[in-house]
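Coordinate analysis (summary)
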Amino acid sequence: MAMMARPKRGVPEGLWIRCPQCKATIFRKEAESRFNVCPECSYHFYLPARERIRQLLDEDSFEEWFTVLRPLDPLEFRDRIPYAQRLEAEQAKTGMLDAAVVGKGFIRGRPVVFGVTDFAFMAGSMGSVVGEKLTRAIEAATELKLPLILVSGSGGGARMQEGILSLMQMGKVSCALGRYDNAGGLYISILTNPTMGGVAASFASQGDIILAEPGALIGFAGKRTIWNTVRLELPEGFQTSEFLLQHGFIDRIVPRKDLRTEVARIIDYCEH
């Protein structure tokens, strides 16, 4: 009997991913089971805001705040495409109204006010809505006398499409943090890859305790920008969390799988 030809079965798209650090080809589900960390070299992949909430906070404990705040286009800014169209595209792509999510939740039973910025939405840049959400969350933490946890995953600073309205968010958030500090609040800042620009220059670097994930890119301007501006050749890896820990900029490097336990331990230590 003639053998019947069987159609070839292709590999489903997205089943495997390539690690940008060690170049290994990794089974996606294995990386996800390790909190989106490479099993070969421990490279920490990008993590969306919702997934960070799921990993850091107790299950079903997060109560999101200020969900109706949405960005506007007061300057009617145009670059390659109008800003209003860019916002619509980003919202459709990410399912978020803007780059920050804030609210109240629990970390191993400890109540906290929690916020996270997401690189996927316009590189996590700090526009008016991001600044307003963070400020309101900080003020709520002050009023409720709760620890404040902010996770920064922003590769950009002020959002140029909002001009000075975006730049002023750095000062606004910093002032709110100053009032929170005067009230005796505990602020834990968690830096992830990347934390750059105006975010690094404002709330991300103002924590009472600053934690960072391994290998995170942290700084204000990139290496090429620094060279073009001041012609300084800086050390290799000078903007990694490991370099910054060595030079006293951050307090501790914590792998993603240990972050929840470490934050809970810090809260207990500081409150008792």
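In case you missed it, the structure is sitting above this.
Attention in this report is confined to the structure presented alongside it. In this text, all values refer to a predicted model and were calculated from it rather than measured experimentally.

**A few points about the side chain of arginine 86**
One can find arginine 86 in helix 3 (residues 83-94). Leave out the neighbours within four places in its chain, and arginine 86 touches Asp79, Arg80, Ile81, Met122 and Gln161.

**Quick look at unusual backbone geometry**
A negative phi holds for most residues other than glycine; trans holds for most peptide bonds. Cis geometry marks the peptide bond from asparagine 193 to proline 194, where omega comes out at 0 degrees. Located in the positive-phi region is lysine 23, a residue other than glycine, with phi close to 70 degrees. With respect to the element layout, lysine 23 can be found in the loop between strand 1 (16-18) and strand 2 (25-27).

**Remarks on the sheet that holds strand 3 (residues 63-64)**
Across the sheet, seven strands lie side by side as 3-4-5-6-7-8-9; this open sheet has mixed pairing. Every other strand in the sheet has two partners, leaving strand 3 and strand 9 (252-253) as the edge strands with one partner each. Sheet topology places strand 4 (residues 100-107) next to strand 5 (residues 110-117); eight bridges connect them, and they run antiparallel. Note that in strand 5 the partner of valine 101 across the bridge is valine 116.

**Brief notes about the nonpolar core**
Membership of the largest hydrophobic core comes to 57 residues, with the highest contact counts inside it found for Phe114, Leu148, Ile188 and Phe203. No other element matches helix 4 (residues 128-144), which puts six residues into this core. Contact partners of phenylalanine 203, with chain neighbours within four places excluded, come to Thr117, Met126, Leu134, Leu150, Ser152, Val173, Leu177, Tyr187 and Ser189. Listed in part, the seven residues of the second largest apolar core include Ile26, Ala31, Cys38 and Phe45.

**Things to note about the packing of aromatic side chains**
Per the counting criterion, the structure on display carries four aromatic pairs. When the centroid spacing of 5.3 Å and the interplanar angle of 50 degrees are considered together, the rings of tryptophan 16 and phenylalanine 27 count as tilted. In this pair, tryptophan 16 sits in strand 1 while phenylalanine 27 sits in strand 2, placing the two residues eleven residues apart along the sequence. The class of phenylalanine 27 is partly exposed, set by a relative accessible area of 30%. Arranged with centres 6.4 Å apart and planes meeting at 85 degrees, the rings of phenylalanine 62 and phenylalanine 114 form a pair that is edge-to-face. Of this pair, phenylalanine 62 sits in the loop between helix 2 (49-56) and strand 3 while phenylalanine 114 sits in strand 5, placing them 52 residues apart in sequence. Looking at phenylalanine 114, the relative accessible area reads 0%, which means it is buried. Above the face of the phenylalanine 66 ring, arginine 136 is positioned so that its terminal group lies 5.4 Å from the ring centre.

**Section: the packing of helix 4 against helix 5 (residues 163-182)**
Close contact between helix 4 and helix 5 brings their axes to 9 Å; oriented N to C, the two are set at 10 degrees. Considering their axes alone, helix 4 and helix 5 lie roughly parallel with respect to each other. Of helix 5, the residues touching helix 4 (which contributes Ser128, Gly131, Glu132, Leu134, Thr135, Ile138, Glu139, Ala141 and Thr142) are Leu165, Gln169, Lys172, Val173, Ala176, Leu177, Arg179 and Tyr180. The residue inventory of the contact of helix 4 with helix 5, partitioned by class, reads eight nonpolar, five polar and four charged.

Scoring rules and cut-offs
- Residues numbered from 1 in each chain as written.
- Predicted model: local features only at pLDDT ≥ 70, side-chain atom pairs only at ≥ 80, totals over all residues.
- Heavy atoms only, no water.
- Helix = DSSP H or I, 4+ residues; strand = E, 2+ residues; numbered from the N terminus.
- Contact = heavy atoms within 4.5 Å.
- Pairing = 2+ DSSP bridges.
- Core = buried A, V, L, I, M, F, W, Y, C linked by side-chain atoms within 4.5 Å.
- Buried < 20%, exposed > 50% of the residue type's maximum accessible area, 1.4 Å probe, protein only.
- Phe/Tyr/Trp six-rings, centres within 6.5 Å; stacked < 30°, edge-to-face > 60°.
- Lys NZ or Arg CZ within 6 Å of the ring centre and 35° of its normal.
- Axes fitted to C-alpha atoms, helices over the stretch in contact; angles between N-to-C directions.
- Parallel < 35°, antiparallel > 145°, perpendicular 65-115°, else oblique.
- Nonpolar A, V, L, I, M, F, W, Y, C, P; charged D, E, K, R; others polar.

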